[in-house]
Structure formats: C-alpha cells, structure tokens
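Listed here are the chains, written in short residue letters.
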Amino acid sequence: MPQPTTRARQTGHPGYSETLPRQPESAATARLLLRTACAVWGLDALAEDGALIVSELVANAVQHARRESIRVVIDRPGAARVRVGVADLSRARPVEREAHENEEGGRGLRLVAAPAADWGTDERHWGKIVWADLEGRG
C-alpha cells in the first residue's frame with residue numbers, strides 16, 4: 001500500500017495531496033483530507049460539498065483508471081476557492097451522461113457539477129486530473 005504523502009506547501013496557498021490505492025475505501029481517506037484542508041483554511045462551509053465531490057471523483061477513478069493508485073489533490077487557488085482533484089494514469093476523459101432511472105451508476109459527474117463553481121479535466125502526458133472548484137465567501 002502506498003504511504004501517505006500529505007503535506008502543506010511551503011509557498012503560496014497551502015495544498016494537500018495523498019497517493020491512495022485505487023480502491024473504493026480510499027474515498028473515506030480523501031474525504032478526511034478534504035475536510036482537514038477546509039478546516040485549516042477556515043472554509044468549513046465548503047467541506048460537505050467538497051466531500052461529495054471528492055467521493056465521486058475517487059469512485060470514477062476506481063472504476064475507470066488503469067493503475068493501482070490514484071492521487072487526491074486539494075488546493076486553494078484563491079482566498080475562498082478550493083480545488084478538489086483526482087489524478088490517475090488513464091488518459092480517457094470522463095463523460096457526463098444521462099443515467100436512466102433503473103441504473104445504479106452514471107450520475108457521478110452531475111453530482112460533481114451541481115455544487116461546483118467549475119469543473120474539468122486537465123490532460124497530462126502521464127494521464128489526467130479531474131477537478132472541481134468550490135467557491136466560498138471571501
């Protein structure tokens with residue numbers, strides 16, 4: 001199992017990240033990381049929406065990524081903005097789709113988009129980062 005690499009950045013707004021196994025249970029660790037970051041930054045009002053978003057992003061990575069680990073990244077690009085990201089080694093972009101009533105899955109990206117100020121996918125040569133921004137009061 002990969003070792004936690006949670007750390008605060010030395011410059012700029014602090015950020016938190018952790019490499020986790022690509023397993024459903026990693027969503028709980030990702031939620032804890034998100035809630036910790038929001039508490040440290042005094043942005044507790046964003047924690048519940050952030051926990052939902054990071055859970056969905058981890059679930060998507062667990063289902064669709066290729067390697068045995070994923071990376072959760074929580075950044076603070078602005079005084080009242082939190083970016084939640086999940087990186088994986090697959091270059092396949094997520095697709096927002098309409099789930100039918102009797103389907104169990106397929107609603108994850110809609111659940112991400114609903115509370116998010118913005119969301120997207122950044123391609124990298126090694127894979128991608130799927131992210132969502134939450135906006136609080138400044």
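Scroll up to find the structure.
Residues numbered from 1 in each chain as written. Predicted model: local features only at pLDDT ≥ 70, side-chain atom pairs only at ≥ 80, totals over all residues. Heavy atoms only, no water.

A. Main features of the pattern of salt bridges. Within this structure, the stated rule accounts for 7 salt bridges. In this structure, the salt-bridge partner of Glu 123 is Arg 91, at a minimum N-O distance of 3.6 Å. Of this pair, Glu 123 sits in strand β4 (residues 118–124) while Arg 91 sits in the loop between β3 (81–88) and α3 (108–113), placing them 32 residues apart in sequence. When its relative accessible area of 47% is taken as the criterion, Arg 91 is described as partly exposed. (Salt bridge = Lys/Arg side-chain N within 4 Å of Asp/Glu carboxyl O. Helix = DSSP H or I, 4+ residues; strand = E, 2+ residues; numbered from the N terminus. Buried < 20%, exposed > 50% of the residue type's maximum accessible area, 1.4 Å probe, protein only.)

B. Main features of the pairing of strand β1 (residues 16–21). By the criterion of burial, β1 is predominantly enclosed, with 5 of the 6 residues buried. Sheet topology places β1 next to strand β2 (residues 69–78); 6 bridges connect them, and they run antiparallel. What sits directly across from Ser 17, in β2, is Val 73. (Pairing = 2+ DSSP bridges.)

C. Fine view of the side chain of Arg 76. Looking at the secondary structure, you find Arg 76 in strand β2. Reaching out from Arg 76, the side chain makes a polar contact with the backbone oxygen of Ala 79 at a distance of 2.9 Å. (Polar contact = N/O pair within 3.5 Å; in protein donor to acceptor, adjacent residues only side chain to side chain.)

D. Quick peek at helix α1 (residues 26–40). When the terminal C-alpha atoms of α1 are compared, their 21 Å separation across 15 residues agrees well with the 21 Å that a helix rising 1.5 Å per residue should span. Turning to α1, its buried residues are Ser 26, Ala 27, Ala 30, Leu 33, Leu 34, Ala 37 and Cys 38. Taken around the axis of α1, the buried residues stretch over an arc of 130°, which confines them to a single face. Residues of α1 that are exposed and point over 90 degrees away from its buried face: Leu 32 and Val 40. Check the buried side of α1 and you find it contacts β1, α2 (47–64), β2 and β3. The positive-phi residue at the C-terminal boundary of α1 is Gly 42, with phi of around 70°. (Expected span 1.5 Å × (residues − 1). Arc of directions from axis to C-beta. Contact = heavy atoms within 4.5 Å.)

E. Geometry of the packing of α1 against α2. Running from N to C, α1 and α2 point in directions that differ by 150°, and their axes come no closer than 9 Å. Of the possible angle classes, the one that applies to α1 and α2 is roughly antiparallel. With respect to the hand of their crossing, α1 and α2 are arranged in right-handed fashion. Residues Ser 26, Ala 27, Ala 30, Arg 31, Leu 34, Arg 35 and Cys 38 of α1 form the contact with α2, whose own contacting residues are Ala 47, Glu 48, Gly 50, Ala 51, Val 54, Ser 55 and Val 58. (Axes fitted to C-alpha atoms, helices over the stretch in contact; angles between N-to-C directions. Parallel < 35°, antiparallel > 145°, perpendicular 65-115°, else oblique. Left-handed = near helix turned anticlockwise from the far one by under 90°.)

The quantities given are spatial measurements derived from coordinates; they are silent on function.
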